[in-house]
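Remarks on the overall topology
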Amino acid sequence: MSTTNLNVQKQAELYKGKAKTVYATDDAERLILFFRNDTSAFDGKKLAQLERKGMVNNRFNAFIMEKLQAAGIPTHFEGLLSDQECVVKKLQMLPVECVVRNLAAGSMCRRLGVAEGTVLNPPTFEFFLKNDALGDPMINESHIETFGWATKEQVEQMKDMTFRVNEILKGIFLAGNMLLVDSKLEFGLFHGQLYLGDEFSPDGCRLWDKDTREKLDKDRFRQDLGDVVEAYEQVARRIGVPL
Ligand code: ADP
Ligand code: TMP
Ligand code: ASP
């Protein structure tokens, strides 16, 4: 187990993603994630700049990662560096996205003809390939094994951790009178061990008000519902994220 290192100096830009920029640091095992105000949907086809989003998601993610860490989930998060930056362990990311769903929405409704809001008991688990050019296609464990995207053991660990994260976060959001509809997690390796990476924010999950079913996540952007960052801030306030 390596110790937390927040005392890092920002170095070269390594990667500019759709919402975050990744920087190297003077510590070869640490990165800085910069949360930009850029917002994208539909694999980068729809883009916008949303004032305050970078700061809100950076703080939101820090709050959630610390809760998960405290509940025994190994995460890459080391600490907040500034309004829009945090320090993380440098992971070798596995090129798959893990999606867990408690209620049907989004692509599940389109693919399976299920009505939005159908309760999924038990929650479902799906793998997607992280590849925007291909539109993040759904994949299965056989593809992951054959193409070497992860080992069988890592597949089992990712599923297990995703369901555990789902249970922990369902409770946190329920306490704020919200339903965690679904979420997407990414994992990576650090010294051979699996860690939760990337971010957890309303950009990568769906959250509904429990009573009104009002959408409080990135569907507001996808569906042009307006007040996107205002909704994220409302979610943050309801669960006690300091903004
Ligand atoms: P995208 O690549 O999907 O456009 P982002 O804009 O969020 O997404 O960019 C952040 C990138 O950094 C993602 O590709 C993500 O997989 C990667 N990443 C997240 N956490 C880590 C980490 N701890 N180590 C290495 N890479 C990471
Ligand atoms: P989906 O209904 O579009 O498959 O998305 C399921 C959940 O995963 C939803 O909360 C959005 C999130 N997600 C991402 O954050 N990024 C992605 O690339 C994909 C495919 C889904
Ligand atoms: N996260 C993906 C994108 O930015 C997919 C989505 O959110 O719709 O395009």
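Our subject is the structure that appears above.
In what follows, the accompanying structure is described.

Calculation rules
- Residues numbered from 1 in each chain as written.
- Chains lettered and ligands numbered in written order.
- Predicted model: local features only at pLDDT ≥ 70, side-chain atom pairs only at ≥ 80, totals over all residues.
- Heavy atoms only, no water.
- Helix = DSSP H or I, 4+ residues; strand = E, 2+ residues; numbered from the N terminus.
- Expected span 1.5 Å × (residues − 1).
- Buried < 20%, exposed > 50% of the residue type's maximum accessible area, 1.4 Å probe, protein only.
- Salt bridge = Lys/Arg side-chain N within 4 Å of Asp/Glu carboxyl O.
- Near = heavy atom within 4 Å.
- Polar contact = N/O pair within 3.5 Å; in protein donor to acceptor, adjacent residues only side chain to side chain.
- Areas by Shrake-Rupley, 256 points an atom, 1.4 Å probe, with all protein chains shown as cover.
- Nonpolar A, V, L, I, M, F, W, Y, C, P; charged D, E, K, R; others polar.

Under the 1.5 Å per step criterion, the end-to-end length of helix α4 (residues 152-175) is 35 Å for 24 residues, consistent within 8% with the ideal 34 Å. Those residues of α4 that sit buried are Gln 154, Val 155, Met 158, Met 161, Thr 162, Val 165, Asn 166, Leu 169, Ile 172 and Phe 173. Residue Asn 177 follows α4 closely and has a positive phi angle near 60 degrees.

Counted according to the given criterion, the structure contains 28 salt bridges. Where Glu 85 meets Lys 10, a salt bridge forms, and the shortest distance between an N and an O atom there is 2.8 Å. Of the two residues, Glu 85 is situated in strand β7 (residues 85-89) and Lys 10 in strand β1 (residues 10-16); the sequence distance between them amounts to 75 residues. The exposure class of Lys 10 is partly exposed, given its relative accessible area of 41%. A salt bridge links Lys 130 to Glu 186; its shortest N-O distance comes to 3.4 Å. With Lys 130 in the loop between β10 (119-129) and β11 (138-139) and Glu 186 in strand β12 (residues 178-190), this pair connects stretches of sequence that are 56 residues apart.

Around ligand 2 sit 14 residues, and of these Arg 101, Ser 107, Asp 136, Asp 182 and Arg 206 come closest. In this structure, Arg 101 approaches ligand 2 through a side-chain N or O atom, which is 2.9 Å from an oxygen atom. A distance of 2.5 Å separates an oxygen atom of ligand 2 from a polar atom in the side chain of Asp 182. When isolated, ligand 2 has an accessible area of 450 Å², and the protein chains bury 84% of it. A per-element tally of the shell around ligand 2 places strand β9 (residues 96-103) first, with three residues. A per-class count over the shell around ligand 2 returns three nonpolar, three polar and eight charged.

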